[in-house]
Every structure is written in structure tokens, then in C-alpha cells.
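Each chain, letter by letter, is given below.
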Amino acid sequence: MIYKQFKDKKLSTLGLGNMRLPHKGEGLNAPIDEEKARELIEYAYLNGINYFDTAYGYHGGESERLVGKVLNQFPRETWYLATKFPGHMMTYKDGKLGFIGYMSGSIFDSPEQIFEEQLEKCGVDYFDFYLLHNVCETSYDFYTNEELGIVNYFLEQKKAGRIKHLGFSAHGRAKTIDSFLSKYEGCFEFVLIQINYLDWVLQDAKSKYEVISRRGIPIMSMESCRGGTLCSLNPEAEAILKKARPDDPIVHWAFRFLQSLPNMQVVLSGMSTMGQLKENIELFSKNDPTTEYENELLMEAVNSMADLVPCTACRYCCDDCPQELDIPKLISLYNEASNSPTFALSFTLGAMPEDELPGSCIACGNCVQMCPQNIDIPDVMAKFEDILEKQTLQPR
Ligand code: SF4
Ligand code: SF4
């Protein structure tokens with residue numbers, strides 16, 4: 001495992017994300033398959049990973065509990081736990097904190113109540129890394145609300161030693177990240193952003209990387225493989241990359257690209273199978289960054305995928321859909337339909353009942369506020385329906 005110095009700590013450059021742990025059944029809140037998840041976390045720890053990322057809302061709140069339980073078998077100073085404050089899905093009204101989305105109904109008096117609950121659930125008396133979850137255009141006012149004083153509260157916890165390093169994750173645009181960092185100059189020690197070679201272009205992760213790096217703040221990456229999208233590409237993009245490194249699995253390009261960014265501190269990956277975990281640990285046993293020429297090839301490959309809708313399959317949008325649509329699945333099918341449809345796609349669509357197809361979307365917009373990627377989901381559904389209605393699906 002390659003390690004990089006972060007202040008007084010040596011962090012593994014590969015970190016284990018715990019949002020997509022093995023689970024029983026479907027859906028964002030499907031119960032964790034505890035035996036398989038425990039095996040993964042233990043293997044990660046025993047094979048050199050020391051950075052473990054979770055969040056208040058992952059797996060309906062059970063990710064924090066399980067990650068804490070498994071890690072606590074090992075000496076506390078040998079692993080680093082990162083979790084997040086769920087402000088991106090909260091409201092503040094009449095002095096009360098409430099939730100939107102799949103946790104709506106829960107009311108809290110203060111951030112302290114949530115923070116104490118997190119410490120208790122994880123079985124720790126301090127967090128090594130603590131993040132404000134998803135600073136973006138829709139959560140900005142919440143996080144900067146002075147009456148509520150979120151940032152000050154967590155700075156106090158840091159002073160008290162209950163948070164070792166304070167940071168935030170962000171799906172917002174570069175300008176929003178920049179303005180948040182300016183407002184709280186010197187308060188945050190790291191930032192977690194969605195960064196991979198496709199989003200370098202599609203979501204302008206390049207600008208976000210530059211805005212943060214300019215301030216000398218280390219970056220952690222999430223959605224390194226974009227929820228699996230970068231494990232296999234369309235035939236044109238694959239051909240470009242295979243020509244240069246015929247024996248390399250396509251997914252290696254995603255990790256090697258991140259290794260090529262000098263300000264990358266930890267690359268998070270939500271590995272949900274033992275096979276993925278072992279392969280990635282092996283990949284991070286040595287530094288093998290993409291070269292400048294290879295990055296040009298990656299951009300060429302991206303150009304052949306540039307119409308993709310940037311869905312990461314986080315499923316935050318699904319619970320409030322009155323039509324119970326599997327939105328990420330439909331977006332993924334749309335990406336394929338609008339880019340590189342195959343016969344398999346026709347079979348998949350043909351097997352889906354009418355009420356699961358994009359035509360069932362009533363454009364209510366409930367999903368839009370929940371989407372960290374700012375995807376105009378009703379518009380995607382309409383375009384997808386259009387493709388299906390016009391039967392412009394031409395499998396090739
Ligand atoms: S806009 Fe469509 S996809 Fe989104 S919540 Fe409403 S019905 Fe579901
Ligand atoms: S559409 Fe947005 S909220 Fe829904 S799964 Fe994709 S990225 Fe997540």
C-alpha cells in the first residue's frame with residue numbers, strides 16, 4: 001500500500017468508502033449483509049487500508065454502526081475514521097433541525113444531538129476526520145446560517161479534541177466551493193470531491209481541483225469509478241485505451257488517473273466485493289500514475305462519452321418518487337440508449353413493465369432537490385421517453 005503524509009498521520013492512498021456495502025435486497029436502505037461487510041472491512045484493514053469513510057445517512061444509518069463495530073476490534077490509533085454531518089438533507093426552521101428526503105420526520109434540537117449520536121453509534125470518543133456532507137448550491141445557506149452556527153460548533157469540537165481534522169465534501173460547482181472556503185478561510189483541512197477522468201470534463205472537476213489545490217488543501221476523491229461507469233466504457237473509448245495498454249483492465253485507468261494528480265491525498269472507492277477490494281489493494285501497492293500522453297488518451301476517450309448524464313447511482317432521489325421509479329437504473333439505460341445502445345439494452349427494456357419505464361414520470365420534480373449531481377431528472381426522463389417513442393434505439 002502506498003501511504004502519503006497528512007499532517008501527523010500517514011494515510012493509505014486507497015480508502016474504503018462504506019456507502020455501498022454488501023447488502024441484502026435492493027434500495028438505498030437495504031439491510032447490510034453484515035457477514036460479508038465485516039469480511040471486507042477486516043480484509044481492507046489487515047491489508048494496509050487505514051482510512052475508512054462513512055456518513056450519517058449511509059445504509060439508513062447502519063453503515064456508521066457497523067464500520068465502528070468492526071474497526072474497534074483493532075487498536076484505535078491504527079485506523080482513521082471519517083464520517084459526515086448530514087446538513088445537505090436538513091432544514092432549519094423555528095429553531096429546529098428537520099430532514100428532507102428519506103429521513104424526513106426526524107427532528108433535532110441541535111447539531112450536537114446528531115454529533116453525539118454519531119460518536120455513540122461508531123463507539124468512539126473522537127473522529128479522526130469529520131466532514132460537512134455535500135456543500136453545494138442547495139445546502140450552502142444551511143451551512144452558512146449564522147444563527148445555527150454549524151461551522152463554529154464543529155470548530156469547538158475540534159478544539160475539544162473530539163474531531164482531529166475538519167473538512168467537507170462537495171458536489172457543488174467550483175465557484176460555490178471557492179466561496180465556502182473563502183468564507184471559512186483556514187477552518188477546513190481537507191475537501192472530498194467527486195473526481196475521476198470523466199467528471200474532469202463533465203462536472204468540471206478540474207476547476208474544483210484547482211480551486212482547492214490553490215489554497216494548499218489536500219483533496220480526497222469520491223466516486224473514483226463513478227459508481228461503476230468507468231469499469232467498462234463504450235467500444236470506441238475502450239479501443240482508445242486498450243491500444244495503449246492492452247492487458248490493463250479498463251478500471252485501472254480510473255485509479256491511475258487519480259494517482260497522477262499530485263494533490264490527491266486519499267482515493268476513496270466503495271468496493272462492495274472481495275474481488276474489487278483485492279484488485280484495488282494490489283493496484284495501490286505501487287505508484288503507477290498515468291503519463292501526460294495517457295491523460296490525452298483519456299480525454300479522447302471521454303470525448304466519445306461526453307453525452308453521458310452524470311448519475312453516480314447514489315439513489316438519494318428514489319425515496320420521494322411518487323411513481324417509485326428506479327431513477328439511476330433508468331438514467332444508466334438512457335446513457336446507453338443515447339450513446340451506445342446494444343441488443344442487451346433492447347432485451348432489458350423489453351422486459352420492464354410499462355410502469356417502470358420513463359413514460360411513467362409525471363415530472364413532479366421531487367427528485368431534483370435530492371440530486372447532488374444537479375441532474376434535471378424529469379428532463380432526462382422526457383428525453384428517454386422520446387427515444388423510446390420514436391423507436392430511435394438502433395442496437396449496434
Ligand atoms: S420527476 Fe419523475 S422521476 Fe422525479 S420524482 Fe417525479 S415522477 Fe419520479
Ligand atoms: S439521479 Fe442524482 S440522486 Fe438520483 S441516483 Fe443519480 S446522482 Fe443520485
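Residues numbered from 1 in each chain as written. Chains lettered and ligands numbered in written order. Predicted model: local features only at pLDDT ≥ 70, side-chain atom pairs only at ≥ 80, totals over all residues. Heavy atoms only, no water.

## Focus: the domain arrangement of the protein
In many reports, interface size means the accessible area that the parts give up when they come together.
Here's step 1: Domain boundaries in the protein define domain 1 (3-303) and domain 2 (318-389).
Here's step 2: The C-alpha-based centres of domain 1 and domain 2 are spaced at 26 Å. (Domains from an automatic or database assignment.)

## So, helix H6 (residues 174-183)
Here's step 1: Among all positions of H6, only Ala174, Thr176, Ile177, Phe180 and Leu181 are buried. Viewed end-on, H6 has its buried residues packed into an arc of 165°, placing them on one side of the element. (Buried < 20%, exposed > 50% of the residue type's maximum accessible area, 1.4 Å probe, protein only. Helix = DSSP H or I, 4+ residues; strand = E, 2+ residues; numbered from the N terminus. Arc of directions from axis to C-beta.)

## Focus on helix H8 (residues 205-213)
Here's step 1: The complete set of buried residues in H8 reads Ala205, Lys208, Tyr209, Val211 and Ile212. End-on, the buried residues of H8 take up no more than an arc of 165°, which puts them together on one face.
Here's step 2: The inward-facing, buried residues of H8 contact H6, strand E11 (190-194), helix H7 (199-202), strand E12 (219-222) and strand E13 (264-269). (Contact = heavy atoms within 4.5 Å.)

## Things to note about the sheet that holds strand E3 (residues 14-17)
To summarise the sheet geometry, strands pair through backbone hydrogen bonds and adopt either a parallel or an antiparallel arrangement.
Here's step 1: Strand order in the closed barrel made by the 8 strands is E3-E4-E5-E9-E10-E11-E12-E13, with parallel pairing throughout. In this sheet, adjacent strand axes meet at a mean angle of 25° when their direction is disregarded.
Here's step 2: Against the sheet, helix H3 (residues 111-122) makes contact with strand E5 (80-85), strand E9 (127-135) and strand E10 (163-170), and its axis sits at roughly 130° relative to E9, the strand it touches most. (Pairing = 2+ DSSP bridges. Axes fitted to C-alpha atoms, helices over the stretch in contact; angles between N-to-C directions.)

## Some details on the environment of Ile377
Here's step 1: For Ile377, the position within the fold is in helix H15 (residues 377-389).
Here's step 2: The contact partners of Ile377, leaving out residues within four places of it in the chain, are Cys317, Ile327, Cys367, Val368 and Cys371.

## Here's the deal with the site of ligand 2
Here's step 1: Among the 13 residues in the neighbourhood of ligand 2, the closest are listed as Cys311, Cys314, Arg315, Cys317 and Cys371.
Here's step 2: Considering only residue class, the shell around ligand 2 consists of 10 nonpolar, 2 polar and 1 charged. (Near = heavy atom within 4 Å. Nonpolar A, V, L, I, M, F, W, Y, C, P; charged D, E, K, R; others polar.)

## Quick look at the pairing of strand E7 (residues 96-99)
Here's step 1: Bridge analysis of strand E6 (residues 90-93) against E7 gives 4 bridges, and the strand direction is antiparallel. Directly across from Tyr92, in E7, lies its bridge partner Leu97.
Here's step 2: Hairpin connection, E6 to E7: the antiparallel pair is bridged by 2 residues, and Asp94 has positive phi, about 50°.
Here's step 3: Here E7 runs beside strand E8 (residues 107-108); their pairing, made up of 2 bridges, is antiparallel. Opposite Leu97, over in E8, you have Phe108 as the bridge partner.

## Quick look at the environment of Tyr334
Here's step 1: Following the sequence through the fold, Tyr334 ends up in helix H13 (residues 327-339).
Here's step 2: As a C-alpha pair, Tyr334 and Phe168 span 166 residues in sequence and 31 Å in three-dimensional space.
Here's step 3: When residues no more than four places from it in sequence are discounted, the contact partners of Tyr334 are Val309, Val380, Lys383, Phe384 and Ile387.

## Section: the packing of aromatic side chains
Here's step 1: Under the defined criterion, the tally for this structure stands at 29 aromatic pairs.
Here's step 2: Measuring from ring centre to ring centre gives 5.0 Å for Phe168 and Phe188, while their planes differ by 80°; the resulting arrangement is edge-to-face. Note that Phe168 is positioned in strand E10 and Phe188 in the loop between H6 and E11, a separation of 20 residues in sequence. Pair check on accessibility: Phe168 and Phe188 agree, each one buried.
Here's step 3: Members of the aromatic cluster, joined through ring pairs, are Tyr140, Phe142, Tyr143, Phe168, Phe180, Tyr184 and Phe188.
Here's step 4: In this arrangement the basic side chain of Lys7 is found over the ring face of Phe6, its NZ or CZ atom lying 5.9 Å from the centre.
Here's step 5: A cation over a ring is seen here: Lys121 above Tyr56, with NZ or CZ 4.9 Å from the ring centre. (Phe/Tyr/Trp six-rings, centres within 6.5 Å; stacked < 30°, edge-to-face > 60°. Lys NZ or Arg CZ within 6 Å of the ring centre and 35° of its normal.)

## Re unusual backbone geometry
Here's step 1: If you check the backbone angles, His59 has positive phi at about 50° while not being a glycine.
Here's step 2: Looking at the secondary structure, you find His59 in the loop between strand E4 (51-53) and helix H2 (62-71).
Here's step 3: Among the residues examined, His59 registers a relative accessible area of 7% and is labelled buried.
Here's step 4: We note that Asn374 has phi near 55°; this positive angle belongs to a residue other than glycine.
Here's step 5: The topology assignment puts Asn374 in the loop between helix H14 (343-350) and H15.

## A closer look at the pattern of salt bridges
Here's step 1: Scanning the entire structure with this criterion turns up 27 salt bridges.
Here's step 2: With its nearest N and O atoms 2.5 Å apart, the salt bridge here joins Lys96 to Asp109. Residue Lys96 is found in strand E7, and its partner Asp109 is found in the loop between E8 and H3; the two are separated by 13 residues along the sequence.
Here's step 3: For Asp109, a relative accessible area of 47% puts it in the partly exposed group. (Salt bridge = Lys/Arg side-chain N within 4 Å of Asp/Glu carboxyl O.)

## Here we look at the environment of Gly105
Here's step 1: Tracing the backbone through its elements, the reader meets Gly105 in the loop between E7 and E8.
Here's step 2: Along the sequence, Gly105 and Asp320 sit 215 residues apart, while their C-alpha atoms lie 13 Å from each other.

## Overview of the sheet that holds E6
Here's step 1: Taken together, the 3 strands give an open sheet; going across it, the order is E6-E7-E8, and neighbouring strands pair in antiparallel fashion. Edge positions in the open sheet fall to E6 and E8, since each of these has one partner strand only.

## So, the nonpolar core
Here's step 1: Phe52, Leu132 and Tyr197 are the most contacted members of the largest nonpolar core, which has 94 residues in total.
Here's step 2: The element contributing the most residues to this core is helix H10 (residues 250-259), with 7 residues.
Here's step 3: Contact partners of Leu132, with chain neighbours within four places excluded, come to Phe85, Tyr143, Ile150, Val151, Phe154, Gly167, Phe168, Ser169, Phe180 and Phe188.
Here's step 4: Core analysis: the second largest hydrophobic core is formed by 24 residues, Cys321, Tyr334, Val380 and Ile387 among them. (Core = buried A, V, L, I, M, F, W, Y, C linked by side-chain atoms within 4.5 Å.)

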